[in-house]
Structure formats: structure tokens, C-alpha cells
Amino acid sequence: MNDAHCHFFSTPFFAALGRGLKDADERAPHETALAKLGWEAPGTAEALADRWVRELDRARVSRAAIIASVPGDAGSVAVAVRMHPKRFVGFFMADPTHPDSVSLAADALDSGGLRAICLFPAMHRFAIHDVRVCRLFDLAAARPGTAIFLHCGVLTVGVRGKLGLASPFDMRYGNPLDLHALALAYPTVPVIIPHFGAGLFREALMVADLCPNVRLDTSSSNGWIKYHPGLTLSAVFQQ
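Residues numbered from 1 in each chain as written. Predicted model: local features only at pLDDT ≥ 70, side-chain atom pairs only at ≥ 80, totals over all residues. Heavy atoms only, no water.

(A) Up close: the overall build of the protein. Broken down by element type, the protein carries 11 helices and seven strands. The globule rule puts the C-alpha radius of gyration for 239 residues at 18 Å, and the 18 Å found for the protein is close to it. Here the protein holds 239 residues, and the buried ones make up 49% of them. Looking at the protein alone, contacts between residues at least 24 apart form 71% of all its contacts between residues at least 6 apart. Total accessible area computed for the protein in this model is approximately 11900 Å², and 54% of it derives from carbon and sulfur atoms. The protein carries 23 positive and 22 negative side-chain charges, and their two centres are separated by 4 Å. (Helix = DSSP H or I, 4+ residues; strand = E, 2+ residues; numbered from the N terminus. Rg over C-alpha atoms; globule rule 2.2 N^0.38 Å. Buried < 20%, exposed > 50% of the residue type's maximum accessible area, 1.4 Å probe, protein only. Contact = heavy atoms within 4.5 Å. Areas by Shrake-Rupley, 256 points an atom, 1.4 Å probe, with all protein chains shown as cover. Lys, Arg positive; Asp, Glu negative; His and termini not counted. Charge placed at Lys NZ, Arg CZ, Asp CG, Glu CD.)

(B) Quick peek at the packing of aromatic side chains. Counting across every chain of the model gives 11 aromatic pairs. Relative to Phe-201, the ring of Phe-196 has its centre 6.1 Å away and its plane inclined at 90 degrees; by these criteria the two rings are edge-to-face. The exposure class assigned to Phe-196 is buried, which follows from its relative accessible area of 5%. Taken together, Phe-9, Phe-13, Phe-14 and Trp-39 form an aromatic cluster joined through their ring pairs. (Phe/Tyr/Trp six-rings, centres within 6.5 Å; stacked < 30°, edge-to-face > 60°.)

(C) Broad picture of helix α2 (residues 29–37). When we look at burial in α2, the residues that qualify are Pro-29, His-30, Thr-32, Ala-33, Leu-34 and Leu-37. Close packing links the buried residues of α2 with α1 (11–18) and α8 (158–162). Gly-38 lies just past α2 and shows a positive phi near 75 degrees.

(D) Representation of the pairing of strand β4 (residues 116–119). Burial along β4 is two-sided: the residues Ala-116 and Cys-118 and Ile-117 and Leu-119 are all buried. The pairing of strand β3 (residues 88–93) with β4 spans three bridges and is parallel. Residue pairing in the sheet places Phe-92 in a bridge with Ile-117 of β4. Remark: the β3/helix α5 (residues 101–110)/β4 crossover connection has right-handed handedness. Sheet topology places β4 next to strand β5 (residues 147–150); four bridges connect them, and they run parallel. (Pairing = 2+ DSSP bridges. Right-handed = clockwise from strand over helix to strand, strands pointing away.)

(E) Summary view of the sheet that holds β5. The strand order across the open sheet built from seven strands is β1-β2-β3-β4-β5-β6-β7, with neighbouring strands paired in parallel fashion. Each having just a single partner strand, β1 (2–8) and β7 (214–216) make up the two edges of the open sheet. Taken over all neighbouring pairs, the strand axes of this sheet differ in orientation by 25 degrees on average, direction set aside. Bridge analysis of strand β2 (residues 63–68) against β3 gives five bridges, and the strand direction is parallel. Across the sheet, the residue bridging to Ala-64 is Phe-88, located in β3. Sitting on the sheet, helix α4 (residues 74–83) touches β1, β2 and β3, and the angle it makes with β3 is about 175 degrees. (Axes fitted to C-alpha atoms, helices over the stretch in contact; angles between N-to-C directions.)

(F) A look at the nonpolar core. In this structure, Phe-92, Ile-117, Leu-119, Phe-137 and Leu-179 are the most contacted members of the largest nonpolar core, which totals 46 residues. Sequence-distant contacts of Ile-117, that is, excluding residues within four places in its chain, are made with Phe-92, Ala-94, Ala-105, Leu-109, Leu-136, Leu-139, Ala-147, Ile-148 and Phe-149. Among the nonpolar cores identified, the runner-up in size contains 14 residues, and Ala-116, Phe-120, Leu-155 and Phe-169 belong to it. (Core = buried A, V, L, I, M, F, W, Y, C linked by side-chain atoms within 4.5 Å.)

(G) Fine view of the pattern of salt bridges. Evaluation of the coordinates by the stated rule reveals eight salt bridges. The closest approach of N and O atoms between Asp-130 and Arg-132, which form a salt bridge, is 2.8 Å. Overall, the relative accessible area of 16% leaves Asp-130 in the buried class. For Arg-132, a relative accessible area of 30% translates into the label partly exposed. We note a salt bridge from Asp-170 to Arg-172, for which the minimum N-O separation is 2.5 Å. Accessibility expressed as a relative area gives 65% for Arg-172, which makes it exposed. (Salt bridge = Lys/Arg side-chain N within 4 Å of Asp/Glu carboxyl O.)

(H) Here's a closer look at the packing of helix α3 (residues 45–59) against α4. At a closest axis distance of 9 Å, the pairing of α3 and α4 adopts a crossing angle of 55 degrees. Compared by their axis directions, α3 and α4 come out oblique. Where α3 crosses over α4, the handedness of that crossing is right-handed. Mapping the contact onto sequence places Ala-45, Glu-46, Ala-49 and Asp-50 in α3 and Ser-76, Val-79, Ala-80 and Met-83 in α4. (Parallel < 35°, antiparallel > 145°, perpendicular 65-115°, else oblique. Left-handed = near helix turned anticlockwise from the far one by under 90°.)

Structural data, given as C-alpha cells:
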């Protein structure tokens, strides 16, 4: 059994959250965030990778896709992949609005051995058909076997809520239909839409039906079903 969607919550991830807190320790913002959450510290990337392997073994999962969950943290996942190449496939978050997004992504793919570029349009406020996104698709197309992970629909980050941090996302940028022309233009690039489209199930199905390179992942509690009265998870899988 494989797991296609796991977040690798590293020390740099918690540091990024901590820097958003008013009372954060500037020298160790991750400690402030972890203390507020009451969570165990992840330690080094090496330690966290070993811990993940133990959890995969316990759950009888052969392999997992692990996601660097803030831009700039691809290195943490690269360490885990180097340590356990048969257990992990590395994904990383990219922000196309950042001027160095293409060079950073290229380094993560070429030097880090990672396999998927994760995009969160609502989080970073960019259109799916933006030319800056096309440049990342160009990068993936030039490296066969590289996928694009594209979060559409409802986006919430539970840990931000627990810390009292705002989530100024904009759902207008998360419509799967905006992917249609791009997916057709890059037929060799696999595109993963997580959580069945996270509430935009109909639209995600349309794009996946029209574009053979578009796939849906089934992860999470799929609480988005509450927006579709009468729909069950069994019916979602069947459809």
C-alpha cells in the first residue's frame, strides 16, 4: 500500500509559522510555534525521516509521497528521500509569484531528487493559467517523470488556525476549470488535483475526463462533501 499525500512538517516549517507570531523568539521561532501547539519537536530532517519510516512500518505502508509544506523547505524532504529512497517520493511547495521560483524548483528537482512541484493558487494568489505557472510546467515537461500537484477548491491550514494565524487565501484562484488549457498544452506532465478537488468535485471530474494526464488524489477527511447534500464518499469513488 502507498500513501500519495503526506506533509513533512519539519523544523523549518514550524519556524515559518513561528515568524508570524507576535511573541516569537527570533532566534528559534519554531520553538515558539511548537510550544503554543503543545506538539513534539520534529528535530532534524534526518530524525523526522526515520520517525516517518517507523510510522509507515507501523501502518504497513510501503511508500509515501512527502510534501515540503512551505516554499523554500525542499531541502528537508530531499534529506529524507536521500536517506530512504525506497520509502519516500519527494514533493515540494513552490510559489510562482516569487522571482526565483523557477531556479529554486529546478534545484529541488535536479539536485534534491524531488519529483513533484506543489502549487497552491489560493494561498499565494496567482491564476492557474499565469505565465509564471507555465514556466514551472516547462520545467516539469523537460524532466520526464515530474508531476505538478495543484490544490484547488477549499483550502484550510489547520495548524494556522490553532496558532491564531490568519489565512488570507483567495478561493477565486482555485477553480480546476482554469487548468484545462494548461493540462492540454502539457500532455506529458502528470497533474494531481488533491482531495477530489476539495469541493469543486464536478469541475475536477470535467478536467480529468478531458485531460488524461490529470489525476485526482483521495486524501484527507474529505469534509468538502458537506457542500454536496446527499453525496457520500462511496458515491464519490464510484463516480
